[in-house]
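Coordinates in review
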Amino acid sequence: MEAKKTAKLSFDGKEIELPIYSPTAGPDVLDIRKLYAQGDVFTYDPGFTSTAACDSTITFIDGDEGILLHRGYPIGQLAAKSHYLEVCYLLLYGELPDAKQLEDFETRVTRHTMVHEQMHNFFRGFRRDAHPMATLVGVVGAMSAFYHDSLDINDPWQREVAAIRLIAKLPTIAAMAYKYSIGQPFVYPRNDLDYAANFLHMCFAVPAEKYNVDPILARAMDRIFILHADHEQNASTSTVRLASSSGANPFACIAAGIACLWGPAHGGANQACLEMLKEIGSVDRIPEFIARAKDKNDPFRLMGFGHRVYKNFDPRATVMKQSADEVLDLLGVENNPLLQVAKELERIALQDEYFAEKKLFPNVDFYSGIILEATGFPTSMFTPIFALSRTVGWISQWKEQIADPQMKIGRPRQLYLGETHRDYVDIENRG
Ligand code: SDX
């Protein structure tokens with residue numbers, strides 16, 4: 001990168017010149033890498049709201065304009081015209097595939113969907129009522145105990161195999177976590193089904209009878225996968241990058257990302273959002289919850305609203321809302337009480353000056369939970385579905401970072417406000 005201009009920082013009699021780089025899109029960045037050496041100061045940015053931790057060519061978000069691009073392609077076009085495995089190819093390799101490349105990629109993923117048979121034993125060690133995210137973190141991390149031929153991050157071929165294995169096996173593991181939680185037998189993947197249909201089949205088929213995947217539900221599932229595929233340097237992706245910077249193996253890094261995604265402020269919001277809609281229960285109780293969300297003394301927040309980056313609207317929520325209408329029409333539950341509460345909550349919230357002032361709009365999690373519940377998933381499966389969708393984003397960012405010659409172990413500093421030096425006091429002299 002070449003600095004086209006610089007910034008001058010003057011303090012304590014020092015003058016430091018810092019390079020400024022211009023991106024292909026988004027704000028310029030100030031390179032502060034020499035600041036500590038030249039100025040003996042750290043920057044301070046808890047939550048990294050103003051800090052670029054890396055450069056990337058994968059995803060671009062403009063929060064004010066509600067823009068989300070994957071390798072330059074708008075999310076609305078990808079959701080309308082593409083399908084999840086094609087978006088996976090785009091995120092991984094940077095370009096849309098031609099017919100042969102797509103066929104080869106889909107065949108490779110399809111042929112990696114089974115897990116090592118011994119991994120079935122892992123599930124036996126969990127309680128049946130374990131949250132599927134707990135199971136997912138454990139089993140994905142344990143993949144490094146099985147797939148020893150794709151652990152060496154310095155071997156491009158092993159990185160490639162690890163990426164394909166993770167994209168292929170996450171749906172199988174998530175479906176196994178679900179089946180285990182309801183006491184039903186695991187259902188093996190089927191190579192004659194596409195990615196989304198295969199996942200629905202592994203979740204809802206039983207050995208006792210034939211299960212036909214509804215193509216509209218499969219399309220809605222595929223669209224949910226696309227809408228959650230990647231989102232630049234969000235909390236879980238940053239976790240994967242930081243874990244990867246130590247040289248940890250890909251399965252350990254993705255398990256770390258799953259653990260971070262679980263939080264209700266992040267990927268856990270879709271489960272929390274649906275539980276909130278159920279707690280609201282009816283349209284006439286919405287004002288009570290809006291008041292709670294505005295009350296500084298009440299920790300309650302409207303789950304599914306707000307975003308660290310989007311301060312206008314989340315373009316994924318727009319597509320998700322269309323999908324929700326289609327799925328619920330198909331299932332004949334367009335009068336779903338939860339959807340009525342959700343639509344009325346959105347209407348009221350967007351009229352309220354608090355939400356306008358705080359720039360709080362429905363995010364990707366607001367409608368996804370309604371689709372997933374209508375499709376028959378329990379709320380505990382919402383975040384595992386987010387995790388399996390986001391695996392391609394995590395692994396694409398992981399590959400990008402490892403291939404970056406500038407990569408070094410991540411090691412933030414701190415503003416220390418604790419005790420300065422003091423000597424040990426023997427217990428008889430304390431108090
Ligand atoms: C995801 O980063 C990503 O890209 C994430 C994600 C991805 O694809 O990876 O997009 C997925 O995580 C979407 C977000 C899902 N989370 C939720 O829906 C949970 C509810 N939302 C909030 O927790 C919150 O909005 C965050 C965490 C999403 C964003 O928080 P910010 O931008 O750090 O904003 P903030 O917490 O500093 O809040 C700013 C103000 C505060 O009021 P003041 O202190 O200024 O008076 O807005 C208020 C907050 O109290 N506020 C809310 C609110 N969100 C923020 N008030 C009520 N309800 C909310 N949902």
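Analysis parameters
Residues numbered from 1 in each chain as written. Predicted model: local features only at pLDDT ≥ 70, side-chain atom pairs only at ≥ 80, totals over all residues. Heavy atoms only, no water. Pairing = 2+ DSSP bridges. Helix = DSSP H or I, 4+ residues; strand = E, 2+ residues; numbered from the N terminus. Axes fitted to C-alpha atoms, helices over the stretch in contact; angles between N-to-C directions. Parallel < 35°, antiparallel > 145°, perpendicular 65-115°, else oblique. Contact = heavy atoms within 4.5 Å. Nonpolar A, V, L, I, M, F, W, Y, C, P; charged D, E, K, R; others polar. Phe/Tyr/Trp six-rings, centres within 6.5 Å; stacked < 30°, edge-to-face > 60°. Lys NZ or Arg CZ within 6 Å of the ring centre and 35° of its normal. Near = heavy atom within 4 Å. Polar contact = N/O pair within 3.5 Å; in protein donor to acceptor, adjacent residues only side chain to side chain. Areas by Shrake-Rupley, 256 points an atom, 1.4 Å probe, with all protein chains shown as cover. Core = buried A, V, L, I, M, F, W, Y, C linked by side-chain atoms within 4.5 Å. Buried < 20%, exposed > 50% of the residue type's maximum accessible area, 1.4 Å probe, protein only. Salt bridge = Lys/Arg side-chain N within 4 Å of Asp/Glu carboxyl O. Left-handed = near helix turned anticlockwise from the far one by under 90°.

**Looking at the sheet that holds strand S3 (residues 29–30)**
Taken in spatial order, the three strands line up as S1-S2-S3 in an open sheet, and their pairing is antiparallel. Two strands bound the open sheet, and with one partner strand each, they are strand S1 (5–11) and S3. For strand S2 (residues 14–21) and S3, the ladder comprises two bridges, and the chain directions are antiparallel. Bridge pairing in S3 links Tyr 21 to Val 29.

**With respect to the packing of helix H15 (residues 337–351) against helix H17 (residues 364–374)**
As a packed pair, H15 and H17 sit with axes 10 Å apart at the nearest point and diverge in direction by 170 degrees. When the axes of H15 and H17 are compared, the pair comes out roughly antiparallel. Taking contact as the criterion, the partners of Leu 338, Leu 339, Ala 342, Lys 343, Leu 345 and Glu 346 in H15 are, on H17, Phe 366, Tyr 367, Ile 370 and Glu 373. When its residues are assigned to classes, the contact of H15 with H17 shows seven nonpolar, no polar and three charged.

**Observations concerning the packing of aromatic side chains**
Under the criterion given, the structure shown has 22 aromatic pairs. Members of the aromatic cluster, joined through ring pairs, are Tyr 84, Tyr 178, Tyr 195, Phe 199, Phe 204, Tyr 211, Phe 225 and Phe 377. Sitting above the plane of the Tyr 180 ring, Arg 128 keeps its charged end 4.1 Å from the centroid.

**Some remarks on the sheet that holds strand S4 (residues 59–62)**
Taken in spatial order, the three strands line up as S4-S5-S6 in an open sheet, and their pairing is antiparallel. The open sheet has two edge strands with one neighbour each: S4 and strand S6 (73–74). Pairing geometry for S4 and strand S5 (residues 67–70), over four bridges, is antiparallel. Counted as the bridge partner of Asp 62 is Ile 67 from S5.

**Overview of the site of the ligand**
Lining the immediate surroundings of the ligand are 25 residues, of which His 231, Lys 296, His 307, Arg 316 and Arg 390 lie closest. In the environment of the ligand, an oxygen atom lies 2.8 Å from a nitrogen or oxygen atom belonging to the side chain of Arg 308. At 2.9 Å from an oxygen atom of the ligand is found a side-chain nitrogen or oxygen belonging to Lys 358. Within the complex, the protein chains bury 79% of what would otherwise be the 1,000 Å² of accessible surface of the ligand. Across the shell around the ligand, the residue classes break down as 10 nonpolar, seven polar and eight charged.

**Description of the nonpolar core**
Ranked by size, the top nonpolar core spans 116 residues in total, and within it Val 140, Phe 199, Met 221, Leu 277, Leu 302, Leu 345 and Phe 377 carry the most contacts. Among the elements that line this core, the one with the most residues is helix H7 (residues 156–181), at 14 residues. The residues contacting Leu 277, other than those within four sequence positions of it, are Leu 338, Val 341, Ala 342, Leu 345 and Ile 370.

**Let's talk about the pattern of salt bridges**
According to the stated counting rule, one finds 22 salt bridges in the structure shown. Taking the shortest distance from any N to any O, the salt bridge between Glu 160 and Lys 399 comes out at 3.2 Å. One end of the pair, Glu 160, is in helix H7; the other, Lys 399, is in helix H18 (residues 382–402), with 239 residues separating them in the sequence. Using a relative accessible area of 13% as the deciding quantity, one classes Glu 160 as buried. Linking Arg 285 and Glu 288 is a salt bridge whose minimum nitrogen-to-oxygen distance equals 2.9 Å. In this structure Arg 285 comes out as partly exposed when scored by relative accessible area, which is 32%.

**Notes on the pairing of S2**
The pairing of S1 with S2 spans seven bridges and is classified as antiparallel. Opposite Lys 5, over in S2, you have Ile 20 as the bridge partner. Hairpin connection, S1 to S2: the antiparallel pair is bridged by two residues, and Asp 12 has positive phi, about 45 degrees.

**Points about H17**
Burial of H17 is extensive: nine of the 11 residues sit out of reach of the surface. Here H17 has its buried residues at Val 364, Asp 365, Phe 366, Tyr 367, Ser 368, Gly 369, Ile 370, Ile 371 and Leu 372. Buried-residue contacts for H17 involve helix H9 (215–227), helix H12 (269–280), helix H14 (315–330), H15 and H18. Within two residues after H17, Gly 376 carries a phi angle of roughly 110 degrees, on the positive side.

**Some thoughts on the packing of helix H10 (residues 235–244) against helix H11 (residues 250–261)**
The N-to-C vectors of H10 and H11 enclose an angle of 150 degrees; their axes lie 8 Å apart at closest approach. Relative to H11, the element H10 is oriented roughly antiparallel. When you trace H10 past H11, the crossing you get is right-handed. Contacts between H10 and H11 pair Ala 235, Ser 236, Thr 239, Val 240, Ala 243 and Ser 244 from the former with Cys 253, Ile 254, Ala 256, Gly 257, Cys 260 and Leu 261 from the latter. Partitioning the contact of H10 with H11 into residue classes produces eight nonpolar, four polar and no charged.

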